[in-house]
Each structure stands twice: as C-alpha cells, then as structure tokens.
Amino acid sequence: MKSIVFIEKNPVTGKLRNVSIELTYKAYSLSKPLKGEVIGVFAGDALPEDTDRLFQYGLDRLLYFTDERLKHLHSIAYKHILKAMIKSEEPDIVLFGATHTGRDIAPLIASSLKTGLTADCTQLYVEDYKDKGKILFQVRPAFGGNILATIITPDNRPMMASVREGVMLLPEKHPNHPVKMESFPVDFNESWIKSEFLSVVPKVKKVDFNSAQTIVSGGAGVGSADNFRLIRELANALGGEVGASRAAVDFGFVDKDHQIGQTGSVVRPKLYIACGISGQIQHRAGMEESQKIIAINKDPEAPIFKIAHMGVVGDVNEIIPVMLRYLKEEG
Ligand SMILES: Cc1cc2nc3c(=O)[nH]c(=O)nc-3n(C[C@H](O)[C@H](O)[C@H](O)COP(=O)(O)OP(=O)(O)OC[C@H]3O[C@@H](n4cnc5c(N)ncnc54)[C@H](O)[C@@H]3O)c2cc1C
C-alpha cells in the first residue's frame, strides 16, 4: 500500500510544519506492514531548511518542485503540480495536514482526481473490507461531534484524508531512512497564477501550546472574565499556558486563540488542569491524550471526571487560590 504525504513549510520559520512530520510517520505505520512506500510531495519557493527530518520518521522518497513564483499560496498552481506528482506515483493513500493550505488544496486535488476526501480525521487505519482487500478507514467526528463516523472510499483511488496538527502521535523511537530527493519536472504555466500578493501580514500567535508542558484551562464554570485571572495566575505559577473551552471563549472570558477542542487546538501536555469545564466530547477531542489530567468541577457527575486521573469536587474560585497559596509557600 503506497502512501503520499503533502509536505508543508511554515513560511515564517522556513522549517517543516509539525503536521508534515506527524503524517509522514502515520503514513509509514499504515504502509510499512504492507511493504508499501511512503513518498512526500512538496511544492514551494524553496525546500524547508530541515527537510532531512522527514527521513528520520519513515519517508522513503521526496518529490519536489521549487520555483520563486510559489513563494505564496497560489492554489491553482499547487493543484496542477501536486496532482501531477500524485498521478505519477498512483498511490493508494494521500494525506494532507488540515492547515489553511491543506484545506485549500486537498479538495481541489480530490475533485480533479474524482475521488473522496475525509477532512479532519482523528484516526486512520488499514483493514480488509469485503472483497476490496485492504482499504483506509477514516474516522472523524460528525453531527456536531456527537458521533464518530468511519468513512471509506473502497471504489476509488487514491483514498484521501486530512488531519489537524497534533492529532497523530510521534513515537520516541522512529525509523531512520536514507535521504532520497527527486526534483520533479513541471512545465510551469503562467496562467496558473491567478492572484497578486501586495503584502503579507503574519498573524502573531499569542499562545504556544506546542512547547507547553502544563496547560491550565478554564471553562464556563469560572464564571467571568474577571475570575479568569485565576486561571492565568495558576498557569503562570506552574510555568504553563492558558487554555479554554469554547464556552469560556464564547462568553468572552478569553481570546479564541486559547480554545482547545474539536474547533480549537489539539494538545498533549504532561499536565492538563481543567477548571470549571464539563468535559463535552468536543472539548475532550482536543485534550484527552494529555499525560495527566486534573479536573476541578463542583458537579461530581461532570463527564470530565471520567477521563481525569485526579479530580477535585468544588468551586474553582475557592480551590485555585488554595493551590496558588500552596505553590507560593512551597516556592
Ligand atoms: C461543532 C461543535 C464544535 C465545538 N468545538 C468545541 C471546542 O473546540 N472546544 C470546546 O471546549 N467546546 C466545543 N464545542 C462546545 C461543547 O459542546 C461544549 O458546549 C463546551 O465544551 C462546554 O464548555 P464548558 O465545559 O466550559 O461549559 P459547560 O458545559 O457549561 O460546563 C461548565 C462546567 O463548570 C462547572 N462549574 C460551574 N460553576 C463552577 C464552579 N464555580 N466551580 C467549579 N465548577 C463549576 C459545571 O458543573 C459544568 O460542569 C463545540 C460544539 C460544537 C457543536
């Protein structure tokens, strides 16, 4: 089973996006048991500085096309180039990161290859299906996150899926393959460039969940934007980052950049403290892989306690000040 992964560069850092590495390893774990190859496809103005890292996570080959005219995202040009690369390899599986770029290009390619695309998958696995042999099973939340749907494309190839950053785990030990890169010939057509970029203003990220070992998150139960200062104080005292449920964001307690869950960020810190969060499936989708979860909630029946490793039943506005006092005394 041959897999292709769309490789993306972060235009600000010039390095690989984490999701490209996560999906390379995922493709490796899907393809390798079936002796399939894992191929990366890249188009852009220049290769990411750390391209070699892909080969440390199971990539067999990288096909690339670089051209100054691809400095910015020109969807139609990307579609033509990546489609040509994919067609030349006839893969079974194609994986995209569900980034802004991936969300833009993946549907264009899927429709022009006349195949399906399952967006924002949370699980991918390969199994036998009826008389079709091994196919890709693509799992994603559906109907507002109330059910998990398993979607298949048994009659078409390639089977395409996108996955958000942080959803697929990277193991500590991983395969190290020799670096093998092939420049892909493209007859670039100027008519593929449909827009002109006058200026680009990078969005300043206020939250860094990637490097946070501890996340303290507040929900509707915190009660007000004013009380939310306790969440920030606890996060500061623990050297962590501030997270939030969608309800806390909707109530205006905190900025949307802090939202964790199905429509926010997916996180996996060493310690996640959920304060006044009920633990609905859409929130859990973003944090339940955390190594240790502590929940503080005044309702002993709150669903968050089902996934918490440790629970405190009580009022967050009373418990957090006690925790802060203790942390101060302990230095
Ligand atoms: C398509 C879709 C996408 C969604 N995406 C997301 C997402 O990305 N992230 C997300 O979080 N949600 C998301 N939601 C919303 C989700 O369904 C829940 O509504 C939301 O997570 C609830 O947030 P909450 O737990 O803070 O609020 P609530 O469900 O209202 O829970 C508040 C909790 O606080 C407790 N509480 C109240 N007062 C106190 C107190 N003083 N001390 C201690 N505990 C107290 C209560 O017992 C309760 O358990 C999405 C929903 C949909 C339909």
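Here is a short report on the structure shown in this document.

Thresholds, definitions, all that
For every chain, the first residue of the written sequence is number 1, and numbering continues from 1 along that sequence. Under the rules for a predicted model, residues below a pLDDT of 70 receive no local features and side-chain atom pairs below 80 are neither given nor counted, while totals for whole chains, interfaces and linings still include all residues. Between any two strands, at least two bridges found by DSSP are needed for them to pair. Labels follow the DSSP assignment, with helices taken as runs of H or I lasting at least four residues and strands as runs of E lasting at least two, numbered in each case from the N terminus. Helix axes use the C-alpha atoms of the stretch in contact, all axes being lines fitted to C-alpha atoms, and the angles between their N-to-C directions lie in the range 0 to 180 degrees. We call two residues in contact if the C-beta atoms placed from their backbones are at most 7 Å apart. Near, as applied to residues and a molecule or strand, means the residue's backbone-placed C-beta atom lies within 6 Å of it. Charged means Asp, Glu, Lys or Arg here, nonpolar means Ala, Val, Leu, Ile, Met, Phe, Trp, Tyr, Cys or Pro, and polar covers whatever is left, Gly included. The span one expects for a helix is its residue count, reduced by one, times 1.5 Å.

## Some details on the sheet that holds strand β8 (residues 147-151)
So, point 1. Strand order in this open sheet of three strands is β6-β7-β8, and the pairing throughout is antiparallel. Of all strands in the sheet, those with a lone pairing partner are β6 (123-128) and β8, marking the two edges. The mean angle between the axes of side-by-side strands here comes to 30°, regardless of whether they run parallel or antiparallel.
So, point 2. Note: β6 against strand β7 (residues 134-142), six bridges, orientation antiparallel. Each bridged residue has a counterpart across the sheet, and for Val126 the counterpart in β7 is Leu136.

## Points about the sheet that holds strand β9 (residues 159-163)
So, point 1. Taken in spatial order, the seven strands make up an open sheet running β5-β9-β4-β1-β2-β3-β10, and their pairing is parallel. Each edge of the open sheet is held by one strand with a lone partner, namely β5 (117-118) and β10 (181-183).
So, point 2. Pairing between β5 and β9: two bridges, direction parallel. By the bridge assignment, Thr118 is partnered in β9 with Ala161.
So, point 3. On the sheet, helix α1 (residues 18-31) packs against β1 (3-6), β2 (38-44), β4 (93-97) and β9 and is oriented at approximately 160° with respect to β4.

## Quick notes on the environment of Glu37
So, point 1. Within the secondary structure, Glu37 is located in the loop between α1 and β2.
So, point 2. Taking C-alpha positions, Glu37 is 6.3 Å from Ser3, a pair spaced 34 residues apart along the chain.

## Notes on the site of the ligand
So, point 1. Inspection of the region around the ligand gives 30 residues, with Gly219, Gly221, Arg246, Gly261 and Ser278 positioned closest.
So, point 2. Mapped by element, the contributors of at least two residues to the shell around the ligand are α5 (246-250), α6 (281-284), β14 (292-297) and α8 (316-330).
So, point 3. With three residues, the top contributor of residues to the shell around the ligand is α5.
So, point 4. Of the residues assigned to the shell around the ligand, the class counts are seven nonpolar, 19 polar and four charged.

## Remarks on α8
So, point 1. Its 15 residues place the ends of α8 21 Å apart at the C-alpha level, agreeing with the 21 Å of an ideal helix rising 1.5 Å per residue.
So, point 2. Looking at the buried residues of α8, the elements they touch are α4 (229-237), β13 (271-275) and β14.

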